Amino acid sequence: MIEIKNKSGEVIHTVDADTLVGANLVGANLVGANLEDANLENANLRGVNLNGANLASANLKGANLTGAIIIDCYLSHANLKGAILNLADLRESHLEESDLEGARLKYTDLRGACFLAANLTGVDLEGAKMNNAWMLEANLTCANLKDANLVGADLDDVNLTRSNLTGAWLRGAKMNGTDFTGANFTDAHLNGAITTKYTIGFPKVSSKKTPEPQVVKTPQVAETPEPQVVETPDY
C-alpha cells in the first residue's frame, strides 16, 4: 500500500500496490500532492487533478496525463519523455529544465507556464495555448507548433531549428537570439513580434546591423528564402 501525502504530510490518496510505476490513478484528486522524486513511469493519470502539486524531479516518462488538471504545479527537472499531455491544463506551471522530448501536448493549455531551459525536442504542440509562456533558452528543435498560440510568449534564445510554425500566432512574442534555421513559417502570424537578433538560415541578421529592437510588420516569412533580384527599368 502506497500513501500519497500532501505538502502538510496528510494522506490524500492510497494506492493498493508496491510501486507507482504503471499505476492506475485515473481521475484521482491529488491537489497539493507531494510527489517530488516519485517514479510514475508509464502511470495512467488521465483526468487527474494535480493543482498545486509538487512533482519536481519526478519520473513521468511515458505517463498518460490526457486531460489532467496541472495548474500551478512544480515539474522542474521532471522527466516527461514521451508523456501524453493532450488537452491537459498546465497554466502557470513550472517546468524549468524539465525533459519533454517526444511528448505530446496537442491543444494543451500552457498559458503563463515556465519552460526555462527545458528540452522540448520533437514535441507535438499543435493548437496549444502558450500565451505569455516563458520559454527562455528552451530547445524546441523539430517541434510541431502548428496553429499554436504564442502571443506575448518569451522566446528569447530559444532553439526552433526545423520546427513547424505553420499558422502559429506570434504577435508580440519576444524572439531575441532565437534560432529559426529551417523552420516552416507558412501562414504564421508575426505582426508585432520583437527581435534584435535572430537566425533564420539565409540570410542571417546580425545585431550589429540592427542594434535597436525591431518590430516585425510582415504577417509571415516568405516561403522562398533566396534573395530576389529586382530589375529597375531604364528611364
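Residues numbered from 1 in each chain as written. Predicted model: local features only at pLDDT ≥ 70, side-chain atom pairs only at ≥ 80, totals over all residues. Heavy atoms only, no water.

Visitor: Explain the overall build of the protein chain here, please?
Guide: In terms of regular secondary structure, the protein chain is built from 0 helices and 6 strands. Traced from its N-terminal end to its C-terminal end, the protein chain shows the element sequence β-β-β-β-β-β. When burial is assessed residue by residue, the protein chain has 45% of its 235 residues classed as buried. Considering only intrachain contacts with a sequence separation of at least 6, the fraction spanning at least 24 residues in the protein chain is 6%. In the form shown here, the protein chain has an accessible surface area of approximately 11,500 Å², with 48% of it arising from carbon and sulfur atoms. (Helix = DSSP H or I, 4+ residues; strand = E, 2+ residues; numbered from the N terminus. Buried < 20%, exposed > 50% of the residue type's maximum accessible area, 1.4 Å probe, protein only. Contact = heavy atoms within 4.5 Å. Areas by Shrake-Rupley, 256 points an atom, 1.4 Å probe, with all protein chains shown as cover.)

Visitor: Just checking my understanding: could you explain the pattern of salt bridges for this structure?
Guide: Opposite charge on two side chains allows them to pair when their charged atoms are near. Under the counting rule described, the total for this entry stands at 7 salt bridges. With a closest N to O distance of 3.8 Å, Glu-126 and Lys-106 form a salt bridge. With Glu-126 in the loop between β2 (11–15) and β3 (178–179) and Lys-106 in the loop between β2 and β3, the pair connects residues that are 20 residues apart, well separated along the chain. Owing to a relative accessible area of 16%, Glu-126 belongs among the buried residues under this scheme. Of the charged contacts, one joins Lys-174 and Asp-154 as a salt bridge, the two residues approaching to 3.6 Å between their closest N and O atoms. Of this pair, Lys-174 sits in the loop between β2 and β3 while Asp-154 sits in the loop between β2 and β3, placing them 20 residues apart in sequence. Look at the salt bridges and you will find they share partners, linking Asp-89, Arg-91, Asp-109 and Arg-111 into a network. (Salt bridge = Lys/Arg side-chain N within 4 Å of Asp/Glu carboxyl O.)

Visitor: Would you explain the pairing of β2 in this entry?
Guide: Each regular strand shows side chains that alternate between the opposite faces of the sheet. In this sheet, β2 lies alongside strand β1 (residues 2–5) in antiparallel orientation, the contact comprising 4 bridges. Each bridged residue has a counterpart across the sheet, and for Glu-3 the counterpart in β2 is Thr-14. Counting the residues in the hairpin turn of β1 and β2 gives 5 residues, including Gly-9, whose phi is positive at 90 degrees. (Pairing = 2+ DSSP bridges.)

Visitor: In this structure, what is going on with unusual backbone geometry? I would like to understand it.
Guide: Where the residue is not glycine, phi is negative for most of them; where a peptide bond is considered, it is trans in most cases. Phi at Cys-142 is positive, roughly 60 degrees, even though this residue is not glycine. Relative to the elements of secondary structure, Cys-142 occurs in the loop between β2 and β3. Judged by relative accessible area, Cys-142 falls into the partly exposed class, the value being 38%. Even without being a glycine, Asp-157 presents a positive backbone phi close to 60 degrees. Locating Asp-157 in the fold gives a position in the loop between β2 and β3. Overall, Asp-157 belongs to the partly exposed group, its relative accessible area being 43%.

Visitor: Would you mind going over empty space enclosed by the protein with me for this structure?
Guide: Gaps left between atoms are located by rolling a probe of water-molecule size over the structure's atoms. Considering all chains together, one arrives at 1 cavity of 30 Å³ or more under this definition. The space that makes up the largest cavity amounts to roughly 30 Å³. Around the largest cavity sit Leu-35, Leu-40, Leu-45, Leu-50, Leu-55, Leu-60 and Leu-65, which together line it. When the residues that make up the lining of the largest cavity are grouped by side-chain class, the tally is 7 nonpolar, no polar and no charged. (1 Å grid on protein atoms, 1.4 Å probe; cavity = no way out; pocket = protein on both sides within 12 Å on 5 of 7 lines; lining within 4 Å. Points joined across faces, edges and corners; volume = space filled by probe spheres on them. Nonpolar A, V, L, I, M, F, W, Y, C, P; charged D, E, K, R; others polar.)

Visitor: Honestly, the confidence of the model for the protein chain in this entry has me stumped. Any pointers?
Guide: Detailed reading of the predicted coordinates is not advisable wherever pLDDT is low. With 83% of its residues at a pLDDT of at least 70, the protein chain reaches an overall mean of 87. Overall, residues 202–227 carries pLDDT values under 50, and its contacts beyond four positions in sequence, including any with other chains, amount to 41 contacts. The low-confidence segment residues 229–235 (pLDDT under 50) makes 0 contacts with residues lying over four places distant or belonging to another chain. (pLDDT = per-residue confidence, 0-100.)

Visitor: Help me understand the environment of Leu-116, please; the structure alone is not making it clear to me.
Guide: Mapped onto the secondary structure, Leu-116 falls in the loop between β2 and β3. Overall, Leu-116 belongs to the partly exposed group, its relative accessible area being 24%. Separated by 18 residues in sequence, Leu-116 and Trp-134 have C-alpha atoms that sit 6.6 Å apart. Excluding residues that lie within four positions of it along the chain, Leu-116 makes contacts with Leu-95, Glu-96, Glu-97, Trp-134 and Leu-136.

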